[in-house]
Amino acid sequence: MINVIIVGGGIGGLTLALTLHRAGIPARVFESAAEIRPIGVGINLLPHATRELASLGLLPALAAVAVATREAVFFNRYGQLIYREPLGCDAGYEWPQLSIHRADLHAVLLAAVRQRLDAADFVTGWRCTHVDDDASGATAHFRDSLTDAVLPPQRAALVVACDGLHSAIRRELHPQEGAPIYSGVNMWRGVTRAPPILSGASMIRAGWLKGGKLVIYPIRNDIDASGRQLVNWVAEIETAEYRTRDWNRRGRLEDFIGAFEDWHFGWLDVPAFLRATEMVLEFPMIDQDPLPWWSRGRITLLGDAAHPMVPRGSNGAGQAIIDARSLAQCLGAHDDPVAALKAYEQERLEATANVVRMNRKDPPDAILREVFLRTGDRPFERVEDIISIEEMQAMSDAYKRVAGYHRASM
Ligand SMILES: Cc1cc2nc3c(=O)[nH]c(=O)nc-3n(C[C@H](O)[C@H](O)[C@H](O)COP(=O)(O)OP(=O)(O)OC[C@H]3O[C@@H](n4cnc5c(N)ncnc54)[C@H](O)[C@@H]3O)c2cc1C
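The structure presented is a predicted model; accordingly, all values stated were derived computationally and were not measured. Here the residue index of a chain counts from 1 through its sequence in written order. Residue-level local features of this predicted model are given only where pLDDT is at least 70; pairs of side-chain atoms are given and counted only at 80 or more, and the full residue set underlies all totals for whole chains, interfaces and linings. Hydrogens and water molecules were not included; the side-chain quantities draw on all heavy atoms of the structure.

**Student:** Got a minute to help me understand the environment of G10 in this structure?
**Tutor:** Numbering of helices and strands runs from the N terminus; a helix is a DSSP stretch of H or I covering at least four residues, while a strand is a stretch of E covering at least two. Structurally, the position occupied by G10 is in the loop between β1 (4-7) and α1 (11-22). In this structure, the C-alpha to C-alpha distance between G10 and A317, residues 307 residues apart in sequence, is 9.6 Å. Those residues within four positions of G10 in sequence are excluded, and the remaining contacts are E31, R102 and H106. Contacts are assigned to residue pairs that have any heavy atoms within 4.5 Å of one another.

Here it is in structure tokens:
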């Protein structure tokens, strides 16, 4: 019987644990954080990801804590509407698009893991330092996250590295890989408690990276008696310098608010909205070139460890979730675990590499780039004179095809 060690209990690791459990494949998760804390801010789950989570029976729990996003809306920095399209069930998908606090998504996955797996199969405070394998199995080596004491090595048929952006196992498999690639764009992120904006379920993108772009969407409904929402925002600005990536680095409002000081739209006073934020996090937009391979013998990579991508297409969590389904299917279909890992790599490596490349070149917000360039960043009279609806639809559809959630393919 194949059994699996999962290194990392984030979104990909927990989804994999649940997917393997459903397939009857025993798995143990080793998470480096000694304590699970509600950190991070907003994440989007598109229909190809919510389909997988629905098949694990998690949709009701997720829908109860998330916002079912209904439309994407694009504006220039003058607040002029450029493009609008329906999303999720409003666009005819069977599965919703959910905008959710990462901590809420993680909590739903963790509750299911605790309910379905044995308590001993989810371990915290174990930091994986390295892995090795031989003809009969794979071994993961750990240290205690708090004391740094060496912990007993753990052995299984396979080790799957779900250890995220800073993956130690990716570094071990690909020691020659260069430093992460900075896109030239820095991001400041946060959450503001606010009354519903536009439809109350709108994913708003406005402006452009050169002078300042904003992404705004709600992630929790009805957080108080007056019906306010918790609204996620991300400010993205071309910036020559950046500091190393850390999901929880504190940022400063004064470093970026200048770009948005004159954004007073009829439907939102942007500087006031940003000033009301609960906190500011700073994070450089970074990715890595696609790897030539993920699987070596009985060890493989999944999620951000395998394919870190710039967060411009709402696909980071989704692709990790789809990896998990693919890997579980391959393990079910092959008796030889080494062959199963290769089959998984074959199914997922090029598919996710295409998303990494598309996120760099033509993510959904490329519509904003086109309008910025064609207008010279000036207001327009009629958007149709700048870009046609058909052209914008085609750009949006091209991204969906590459990322795997075009309606025709689902
Ligand atoms: C604290 C945190 C906050 C985040 N906030 C956001 C956000 O606000 N918005 C957003 O879009 N994305 C956020 N992300 C990233 C997002 O969750 C991932 O891009 C995506 O879900 C892919 O999931 P993943 O499982 O590959 O990686 P992650 O969900 O990042 O999970 C990786 C897990 O591995 C653990 N780990 C790392 N190294 C080791 C090791 N050596 N041994 C054992 N365990 C290890 C980490 O603690 C983490 O739990 C955040 C990630 C983290 C860890």
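**Student:** What am I meant to see in empty space enclosed by the protein here?
**Tutor:** The rule is simple: put a 1 Å grid over the protein atoms alone, call a set of points where a 1.4 Å probe fits but cannot get out a cavity, call an open set with protein on both sides within 12 Å along at least five of seven lines a pocket, and count a residue as lining if it has an atom within 4 Å of a point. Grid points are joined across faces, edges and corners, and a volume is the space filled by probe spheres set on the points. On inspection of all chains with the given rule, the structure shows 2 cavities of 30 Å³ or more. Within this model, the largest cavity holds a volume of roughly 70 Å³. As for the largest cavity, its lining consists of N76, R77, I82, G207, W208, L368, V371, F372, T375, D377 and R378. Elements supplying a minimum of two residues to the lining of the largest cavity: β14 (202-208) and α9 (366-375). Looking at the lining of the largest cavity, the element that brings in the most residues is α9, giving 4 residues. Class assignment for the residues of the lining of the largest cavity results in 5 nonpolar, 3 polar and 3 charged. There is about 30 Å³ of room inside the second largest cavity. As for the second largest cavity, its lining consists of T15, T19, R22, E52, S55, L56, I321, A324 and R325. Each residue is assigned to one of three groups, with Ala, Val, Leu, Ile, Met, Phe, Trp, Tyr, Cys and Pro labelled nonpolar, Asp, Glu, Lys and Arg labelled charged, and all others, Gly among them, labelled polar. Of the residues in the lining of the second largest cavity, the class split is 3 nonpolar, 3 polar and 3 charged.

**Student:** Hey, could you run me through the state of the cysteines in this one?
**Tutor:** Working definition: the covalent bond between the sulfur atoms of two cysteines is a disulfide. Cysteine sulfur pairs qualify as disulfides if the two atoms are within 2.5 Å. Counted under the stated rule, the structure contains 0 disulfides. With no disulfide of its own, C330 lies 14 Å from the sulfur of C162, the closest cysteine sulfur. Taking relative accessible area as the criterion, C330 reaches 7% and is therefore assigned buried. Burial classes follow relative accessibility: with a 1.4 Å probe on protein chains only, a residue under 20% of its type's maximum area counts as buried, one over 50% as exposed, and anything between as partly exposed.

**Student:** Just checking my understanding: could you explain the sheet that holds strand β12 (residues 158-161) for this structure?
**Tutor:** The strands making up a sheet associate through hydrogen bonds between their backbones, and the pairing can be parallel or antiparallel. DSSP-based pairing: two strands are paired if at least 2 bridges between them are found. Across the sheet, 5 strands lie side by side as β8-β2-β1-β12-β20; this open sheet has parallel pairing. Two strands close off the open sheet at either side, each with one partner strand: β8 (122-124) and β20 (299-301). Averaged over neighbouring strand pairs, the angle between their axes works out to 20° when direction is ignored. Two elements, strand β2 (residues 27-31) and β8, share 3 bridges in a ladder whose sense is parallel. Lines fitted to C-alpha atoms define the axes here, with helix axes fitted over just the stretch in contact, and angles between the N-to-C directions of these axes take values from 0 to 180 degrees.

**Student:** What is the right way to read the site of the ligand from this model?
**Tutor:** Put simply, a residue is near a molecule or strand once any heavy atom of it comes within 4 Å of that molecule or strand. With respect to spatial proximity, 29 residues lie near the ligand, and among them G12, E31, V41, R189 and D304 are the closest. Any pair of nitrogen or oxygen atoms within 3.5 Å is treated as a polar contact; in protein, a donor-acceptor pairing is required on top of that, and neighbouring residues in sequence qualify only through side-chain atoms on both sides. In the model, an oxygen atom of the ligand is placed 2.7 Å from a nitrogen or oxygen of the R102 side chain. The separation between a nitrogen atom of the ligand and a polar main-chain atom of C128 is 3.0 Å. Within the complex, the protein chains bury 86% of what would otherwise be the 910 Å² of accessible surface of the ligand. What sets the accessible areas is the Shrake-Rupley method with a 1.4 Å probe; for residues, cover comes only from the shown protein chains.

**Student:** Please clarify how the layout of surface pockets should be interpreted in this entry.
**Tutor:** Computed from the structure, the second largest pocket encloses a volume of approximately 330 Å³. Lining the second largest pocket are 25 residues, and of these E85, L87, S396, K400 and Y405 lie nearest its centre. When contributions to the lining of the second largest pocket are tallied by element, the ones reaching two or more residues are β5 (71-75), β6 (81-86), β14 and α10 (389-403). Ranked by residue count, the leading element in the lining of the second largest pocket is α10, at 4 residues. Each residue belonging to the lining of the second largest pocket can be placed in one class, and the counts come to 14 nonpolar, 6 polar and 5 charged.

**Student:** Could you clarify how one ought to interpret the sheet that holds strand β3 (residues 42-45) in this entry?
**Tutor:** Judged by pairing direction, the sheet is antiparallel, and its 3 strands sit side by side in the order β3-β7-β4 without closing on themselves. Strands with a single pairing partner mark the edges of an open sheet, and in this sheet they are β3 and β4 (67-69). Each adjacent strand pair in this sheet contributes to an overall mean axis angle of 30°, direction not counted. Most of the contacts of helix α2 (residues 47-55) go to β3, to which it runs at about 80°, and overall it touches β3 and β7 (97-101).

**Student:** What's the story with the side chain of S396 in this structure? I'm lost.
**Tutor:** Tracing the chain through its elements places S396 in helix α10. With relative accessibility at 8%, the residue S396 sits in the buried group. With near-sequence residues (within four places) excluded, S396 lies in contact with Y83 and E85.

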